[in-house]
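Structural description and commentary
One letter stands for each residue in the lines below.
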Amino acid sequence: MASEPKYPIREVSRLTGINPVTLRAWQRRYGLLKPARTDKGHRLYSEQDIALIRQILHWLEQGVSIGQVKGLLDNPAPVVDGSNWEQARSRLLESACRLNINRLESELLELASLYPAELLLRRVIEPWLAALGQLARPDALLIEHSARALLTRTFYPLLTIRSGPRLALLRAGQLGELHSLLAQFELQGLECRSLDLGAADPAQLPLAADRLQVDGLVVLLGAGLGQGWFVQHQANWPSGCFFVGELGLVYQQQGWLNRPFAVSVSEIARKYDATFGVVSN
């Protein structure tokens, strides 16, 4: 017996980490989901729909393209692990090296609309950016800088969410603005709004606590932070404060970081059941 449809799309987004834009694209373009509708036309999803979404995520994680998933749902078969992600990275790198801005922008927008933010960042965008930084050719800096500039220009307009929990982001240490943008993009995938505080001095946070009106603070950790920095700012962090970034592992091992921490924003939401993982509406 089919389960009763009862989950609105924002609740499904919270439960699965897939933003509503992507859920709609999976339905319209690939017929992967068939939610019920309310009298007013709003989508309602069942427990079976949520289980199906998790099956889709399973195949995507293995490197299957979204266009191939439907066939595998009906007839599961072995796949070459990571093949779709490798192809996506290769396409982005080729477009960047050719300075083909139009093609690169189109590919970035296509990927952003079809894949969950966390998966896209981890399996495509971050490895692609790392590959750009390792190019061994005379025009390597030109290629890297133009690609990063286009990524920024392409992703900022995607930050359109107007409801849900609101998180402030602060960069600490040696970390560029692009890291803030990618964290904002990942937060949007969790149905959260964001406020970028840049590389603000943490000592000023208590002065603005009443005016910020945010549900939590995410501190993006960069290089160059020492024990003195953590001790100095220990009293400046609000109660809903979370630290994010791979270098946090190093700072934890040193015994300097004793606050909620994870490598990614999405992992924080899962690991600590963070406030910003709760979506209303």
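For the structure, check the block above.
Residues numbered from 1 in each chain as written. Predicted model: local features only at pLDDT ≥ 70, side-chain atom pairs only at ≥ 80, totals over all residues. Heavy atoms only, no water.

**With respect to the packing of aromatic side chains**
Within this structure, the stated rule accounts for eight aromatic pairs. When the ring of Phe-230 is compared with that of Tyr-251, the centres are 5.2 Å apart and the planes differ by 55 degrees; the resulting orientation is tilted. Of this pair, Phe-230 sits in helix α11 (residues 227-232) while Tyr-251 sits in helix α12 (residues 247-253), and the two are 21 residues apart along the sequence. For Phe-230, a relative accessible area of 4% translates into the label buried. Classification of Tyr-251 by relative accessible area gives buried; the value is 5%. Between the aromatic rings of Trp-237 and Phe-243, the centroid separation amounts to 5.3 Å while the plane-to-plane angle is 85 degrees, which identifies the pairing as edge-to-face. What makes Phe-243 buried here is its relative accessible area of 1%. (Phe/Tyr/Trp six-rings, centres within 6.5 Å; stacked < 30°, edge-to-face > 60°. Helix = DSSP H or I, 4+ residues; strand = E, 2+ residues; numbered from the N terminus. Buried < 20%, exposed > 50% of the residue type's maximum accessible area, 1.4 Å probe, protein only.)

**Quick look at the packing of helix α5 (residues 83-97) against helix α6 (residues 101-114)**
Across the interface, α5 lies against α6 with an axial gap of 9 Å and an inter-helix angle of 155 degrees. On the basis of the axis angle, α5 is roughly antiparallel to α6. For the pair α5 and α6, the sense of crossing is left-handed. In contact with Ala-88, Arg-91, Leu-92, Glu-94, Ser-95 and Ala-96 of α5, α6 contributes Arg-103, Leu-104, Glu-107, Leu-108 and Leu-111. In terms of residue class, the contact of α5 with α6 is made up of six nonpolar, one polar and four charged. (Axes fitted to C-alpha atoms, helices over the stretch in contact; angles between N-to-C directions. Parallel < 35°, antiparallel > 145°, perpendicular 65-115°, else oblique. Left-handed = near helix turned anticlockwise from the far one by under 90°. Contact = heavy atoms within 4.5 Å. Nonpolar A, V, L, I, M, F, W, Y, C, P; charged D, E, K, R; others polar.)

**Observations regarding the nonpolar core**
By size, the foremost hydrophobic cluster in this structure holds 50 residues, and its most contacted members are Trp-26, Leu-60, Ile-125 and Trp-128. Ranked by residues supplied to this core, first place goes to helix α7 (residues 117-133) with nine residues. Ignoring anything within four residues of it in the chain, the contact list for Trp-26 reads Ile-18, Gly-31, Leu-32, Leu-33, Ile-53, Ile-56, Leu-57, Leu-60, Ile-66, Leu-114 and Pro-116. Membership of the second largest hydrophobic core comes to 18 residues, among which are Leu-225, Trp-229, Phe-230 and Cys-241. (Core = buried A, V, L, I, M, F, W, Y, C linked by side-chain atoms within 4.5 Å.)

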